[in-house]
Amino acid sequence: MAAPPCHRATDVALRVAVPRDAAGDLHAGVRSKLDGRDGVDVLDVDIVDLRPRLNDLAVVVDASVRLAPDAEVADLTEVVGVSKARQRERTATDHDR
């Protein structure tokens, strides 16, 4: 019996449109968007920038996620409201996460 495929952890930078009427707080709104993609587990969310718009909030996010073996960072932009996904390099301040 083969071992199940492992998810790999990576840090990403994203722009996410969170509806103003999303349940919970802003972090929960971002998590619910990203969790909507198969093969993605959200580990940590850090809000970097927030820009209110008419119907939603444009949020720039640094996140730590686990991706399934067949998932890529660019696949996150397939989620409605997620744009400009790119892998983020870890910095010295990230070691505590």
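Provided above is the structure to which this section pertains.
Given the structure is predicted, the values throughout are model-derived calculations rather than measurements. (Residues numbered from 1 in each chain as written. Predicted model: local features only at pLDDT ≥ 70, side-chain atom pairs only at ≥ 80, totals over all residues. Heavy atoms only, no water.)

**Q** Before we move on, could you go through the pairing of strand S1 (residues 8-19) and cite the residues and values that matter?
**A** The pairing of S1 with strand S3 (residues 56-67) spans 12 bridges and is classified as antiparallel. By the bridge assignment for S3, Val12 is matched with Ala63. Here 4 bridges tie S1 to strand S4 (residues 82-87), and the two strands are oriented antiparallel to one another. Residue Val12 lies in a different strand from S4, and its bridge partner there is Gln87. (Pairing = 2+ DSSP bridges. Helix = DSSP H or I, 4+ residues; strand = E, 2+ residues; numbered from the N terminus.)

**Q** An account of the environment of Pro52 is needed here, citing residue identities and associated values.
**A** Looking at where Pro52 falls in the secondary structure, it is placed in strand S2 (residues 40-52). Sequence-wise, Pro52 and Ala17 are 35 residues apart; in three dimensions their C-alpha atoms are separated by 9.7 Å. Apart from the residues within four sequence positions on either side, Pro52 is in contact with Arg20 and Leu57. (Contact = heavy atoms within 4.5 Å.)

**Q** Which residues make up the sheet that holds S3, and what are the values?
**A** In a beta sheet, neighbouring strands are held together by backbone hydrogen bonds and run either parallel or antiparallel to one another. If you trace the 4 strands from one edge of the open sheet to the other, you get S2-S3-S1-S4, paired in antiparallel fashion. Each having just a single partner strand, S2 and S4 make up the two edges of the open sheet. Between one strand and the next, the sheet's axes are offset by a mean angle of 20°, whatever the strand orientation. Sitting on the sheet, helix H1 (residues 26-35) touches S1, S2, S3 and S4, and the angle it makes with S2 is about 125°. (Axes fitted to C-alpha atoms, helices over the stretch in contact; angles between N-to-C directions.)

**Q** Report on the environment of Ala9, specifying residues and quantitative values.
**A** Relative to the elements of secondary structure, Ala9 occurs in strand S1. When the C-alpha atoms of Ala9 and Val40 are compared, they prove to be 9.8 Å apart, with 31 residues separating the residues in sequence. Discounting chain neighbours no more than four positions away, the residues touching Ala9 are Leu43, Val65 and Arg66.

**Q** Residues and numbers for the side chain of Asp62, please.
**A** Assignment of secondary structure puts Asp62 in strand S3. Every residue in contact with Asp62, bar those within four places of it in the chain, is listed here: Val12, Ala13, Asp44, Val45, Asp46, Val48 and Arg88.

**Q** An account of H1 is requested, with residue identities and associated values reported.
**A** Restricting attention to buried positions, one finds in H1 the residues Gly29, Val30, Lys33 and Leu34. The buried side chains of H1 occupy one side of the element, clustering within an arc of 130° when seen end-on. Of the surrounding secondary structure, the elements contacted by the buried residues of H1 are S1, S2, S3 and S4. Capping of H1 at its N-terminal end is provided by Asp25; its side-chain oxygen lies 3.3 Å from the backbone amide nitrogen of His27. (Buried < 20%, exposed > 50% of the residue type's maximum accessible area, 1.4 Å probe, protein only. Arc of directions from axis to C-beta. Polar contact = N/O pair within 3.5 Å; in protein donor to acceptor, adjacent residues only side chain to side chain.)

Function cannot be read off these values alone, since they describe shape.
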